Each structure stands twice: as structure tokens, then as C-alpha cells.
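Listed below are the residues making up each chain.
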Amino acid sequence: ELWSSLANILLEIPYPKVEIESAWKKVLLNQFHDILPGTSIPEVFRDANQLWQQVITTGEAILDQALQAIATQINLPNPPHPQAKPFLVFNSLNWERSQVISLAVESVNCSVYDLNNCLCPSQLSHDNQLLFIAENIPAVGYKLFWLVANQQATEKNLTNCQFILDNGLLKVTINSETGDIDSIFDIINQKEILQAAGNQLQGFKDQGQYWDAWNIDPNYQQYPLSKTVLKSIECLECGPLRWQIRVIRSLADSEFCQDYILEKDSPILQIKTIVNWQQEHTLVKTAFPLTLNSDFTTYEIACGAIERSHEPESPKWEVYGHKWADLTDTEANYGVSLLNNNKYGYDATNRQLRLTLLRSPRWPDPEADLGKQEFTYAIYPHQGNWKTAKTVHHAWQLNLPVTVVFITNSYRSNQLPPVAQWLKLSADNLILMSFKQSETSARSWVMRVYECQGENAVIDWQNQLQLTIKESIDGLERAIDPVEQLSPWQIATWLLKN
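Thresholds applied
Residues numbered from 1 in each chain as written. Predicted model: local features only at pLDDT ≥ 70, side-chain atom pairs only at ≥ 80, totals over all residues. Heavy atoms only, no water. 1 Å grid on protein atoms, 1.4 Å probe; cavity = no way out; pocket = protein on both sides within 12 Å on 5 of 7 lines; lining within 4 Å. Points joined across faces, edges and corners; volume = space filled by probe spheres on them. Helix = DSSP H or I, 4+ residues; strand = E, 2+ residues; numbered from the N terminus. Nonpolar A, V, L, I, M, F, W, Y, C, P; charged D, E, K, R; others polar. Buried < 20%, exposed > 50% of the residue type's maximum accessible area, 1.4 Å probe, protein only. Pairing = 2+ DSSP bridges. Axes fitted to C-alpha atoms, helices over the stretch in contact; angles between N-to-C directions. Contact = heavy atoms within 4.5 Å.

A. Expanded view of the layout of surface pockets. The space that makes up the second largest pocket amounts to roughly 1,000 Å³. Along its surface, the second largest pocket is lined by 41 residues, and Arg97, Ser98, Gln99, Glu263 and Gln397 are the ones closest to its centre. Listed by contribution, the elements that provide at least two residues to the lining of the second largest pocket are strand E2 (97–103), strand E5 (130–137), strand E14 (254–263), strand E15 (269–277), strand E24 (371–383), helix H4 (391–399) and strand E27 (423–425). Across the lining of the second largest pocket, the residue classes break down as 16 nonpolar, 14 polar and 11 charged.

B. Geometry of the environment of Asn409. Looking at the secondary structure, you find Asn409 in the loop between strand E25 (403–406) and strand E26 (419–421). The class of Asn409 is partly exposed, set by a relative accessible area of 36%. Each C-alpha atom, one on Asn409 and one on Gln73, is 9.2 Å from the other, the two residues being 336 residues apart in sequence.

C. Quick look at empty space enclosed by the protein. The final tally for this structure, using the stated rule, is one cavity of 30 Å³ or more. Space inside the largest cavity adds up to approximately 50 Å³. For the largest cavity, the full set of lining residues is Ser4, Ala7, Ile13, Pro14, Pro16, Ile62, Gln65 and Ala66. The element contributing the most residues to the lining of the largest cavity is helix H3 (residues 42–71), with three residues.

D. The arrangement of the sheet that holds E15 in detail. On the basis of which strands lie adjacent, the open sheet formed by nine strands has the order E12-E13-E14-E15-E24-E21-E20-E17-E18 and antiparallel pairing. On the outer flanks of this sheet lie strand E12 (229–238) and strand E18 (304–309), each paired with one strand and no other. On average, adjacent strands in this sheet sit at an angle of 20° to one another, irrespective of strand direction. Where strand E17 (residues 296–301) and strand E20 (residues 324–329) come together, two bridges link them in antiparallel fashion. What sits directly across from Tyr299, in E20, is Ala325. Here H4 sits on the sheet and contacts E15, E20, strand E21 (334–340) and E24; the angle it forms with E21, its principal contact strand, is near 25°.

Shown next as C-alpha cells:
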């Protein structure tokens, strides 16, 4: 919706209203409560997956059409080399960001140059991808780079890493016998955040509930399974842009392949995971025992966050969270956020965060979640609380990476600049939720935001689209009283016109 809207405003590319509406209806049809938690019979999931695949295919085609339309209209500056290939890095979020990007290249003898024809630092990955840092990609915008065939090969850094990741911000030590994390040391703040092994994969027997797929056994912790067995550990990359260690462990009949990843200038340890899940009546969690102490944990919920206490008598021994949970020690003024990109069950104590990774009920679907699973979670140690540390922003970036589009069309009218920021919200605590065509007017646009930190926010936005706010509207796009300041956690929507 966002990039189709921009393509229409900037270039008068037809807005795919019918296709988007059809895709939304298929998504919403499958927001049925037994589909979402995985408590339907097999036939339901087969039907739902077919519809979701149609939505993915449609969405990817719409997105590609919009991004390609924008890319073909870029006014290209002089390249650093006659054979240089231009490409754009698109950022859908409403704040500037930088990211290590992996490019599939035909030859390892390649380099990346920026708009000023300056060489970007690069690294060859373990699978011969070209890594470089795309710096300062504008909010709701893009930036041009060049891929150039090099006279000199980009080398891999194969120095023995001793199973240590160190990017100058974090120093992470992996245990060579278990694959757990022995240490996560915050170099800037000189603080160790683990009091025991981190990323412990803890398995438990989860059986005996009448509603097998609906309920976790409340006494599951009394039935721990044997520890995981390390099958291999390998240092894949040692900087200067990315440090990566691969650990493969088995839990009974299932295999976990996990890549510990640190990137240059990033205070976040990513754990990219691929699982061949073959268990029955098993619950598996990842545990991070911390050197902090807090009476509560904060969890992200839809367009907000909620604090939950750690009272022992509380029935909330498994709680939901969206993209992150955070445990902050207020006395130490220091915290740890546990980010993820599609896992929603957490539990916490005063000194520990755990994330539920997988379950394996056998009723009503006897093959629930069996097979290949892919997901990423990440540990973010930080000074201050989750608000000052911008945990919300880091979680969004984990879930919505930048997009790379190579410019291949030879026809162009040079309408658009090589770097652009089309829309920006000045308040850090406002998150752009949607930007779409109005349901009632093809020449009007809808912008929806939410306040993400439980604080007031003044509406101060800039755009290069010649759009102005016509009126405040509700979710059904009906006019309401003007909204000029958002209260904590408020969702606000405006109708825009040019």
C-alpha cells in the first residue's frame, strides 16, 4: 500500500485497489481465532495456507511493480565506473536507518560505491554474498548505490575467532561444548548481562491437557527433557562488517541450526534459527538468565505496551507479547530487550527472560508445525529503559528490513532524485502504521500512526509530496474532531490531499 501510493502520487502509476482489497479480504478471512493459535483441524490449515500463499504472491507482485516503477524514473548521477550497476535501497519505516546488506553477486570481485562515488566498506560472506553497510537510508524513502566490478577481489576474513563475536559494542562468547552463550558483555557500559548460560534451549514434556493445542500444561517445568546435544560449531565470519558463528544442536529427534550474528555498529545480537521440528507433546523455550533484577517485565501489545509483575501467585505464567519484551533494572538504570520476528509467548522472573519457540500438540492436527521452521530472535542490552533505548524502533527494523532493487530498465524520464525522503514524523514516539489510497476518493490518501511509548506526541510531519491534512478521520474514514496531539498509546488517522 505504501509504495503503491507513492508510485501513484509521484508517477501516476495506477493504484492496484482491486488487487489490494482482494488480498486484504483473504487475510482477514483467516484471522479466525482457531487458525491464529494453531487449534484447527488439518483441512482448515491447508485451505488457509493456500489463501495466504495467494496473498503473498499478489503482495510481492504489487510491491515489485511499485518499486520498479520508482526505480526506472531515477535521475542517475555520473557513475564511478562505466559498467557500474545502479541499485536503490528502500526504507519503509518513518525514521532514518542504516543496515548491513547482503547482495548476491556473480563474481566475488565487486565493490559498492555511494552517491558521492566513495567506496563503501565491504566484506565477502561465508556463502560468497557481498556485504556492505547502507548508511542513513532516509525515512519512507530510498538511496542510490552502485555495484562495480572490481579489479581486486574482496577477501573473506577467516581469522580464527575462538568462538567470540566482538564488534566493539558487544563481546559475545559462545561455549564450544554446548553451543550456549557463556557471556554477553556490553563494552560501552562495561557490563555483563548474563548470570548463567544464555540461549539455553530448554525442552519440556507438554502432555495431559484435554485441549491439547489450546493449553500448555501448567506444570510443564516439572517435566524437563534432556539437554540439547551439540553436533557442530563453526566460525563463519569474523568481520569487519559481520561476525557469525553457526551452532547445530539436537533436541531428541529435532535439529536446531542457529547463527549468532553481530553486525558493525549494532548493539544487538541476532540469533537466526532454522529447525527441523519432529517432536511430539514437547515445549521448547530459549532462556536468558540475567544479571539484572526487576519486579516486572514490559511486553509489546498491539499499538502499545503493558507491564506485568513477577508475583509468584500470578496465574500469568505464560503471557503474550508481539515484537519484544523488556526487563529493566530501574536501580541500575539498565535493561535487556528480547526481540523476535514471529514468536508471541513469553515468561519472565525477576532475573530471567524466556521466549517460547515451538510446541507439538497432536490434536486436533496430528502434524501441527512438523517440519522446517525459520525465525529470528535477538538480545538487545541497553542503558536506560526500553523507551530511551528505542526498543520499539529496533524491533520494527528486525521485522521490516530494507529492500534492494536494481535499476535495469534503460528507459527513464529522470523525474525522481537519486536520494529521497518522502515522509517523516518528527516525534520519535510516533510509528507510521499505514499510508494508502482513500476508500472514497482516488485523489485522497489516508495516513495512520500510533503513539508507541505511553507519552503525549505532537503531530509534526514533513513530506515532499505536496500533501496537506484535510481532516481527522476514524477507522472507517469518517470525519471526526481534529486530532492535533496524540495521547499515550493513541491511534490517529488523517485524510490527506494535494
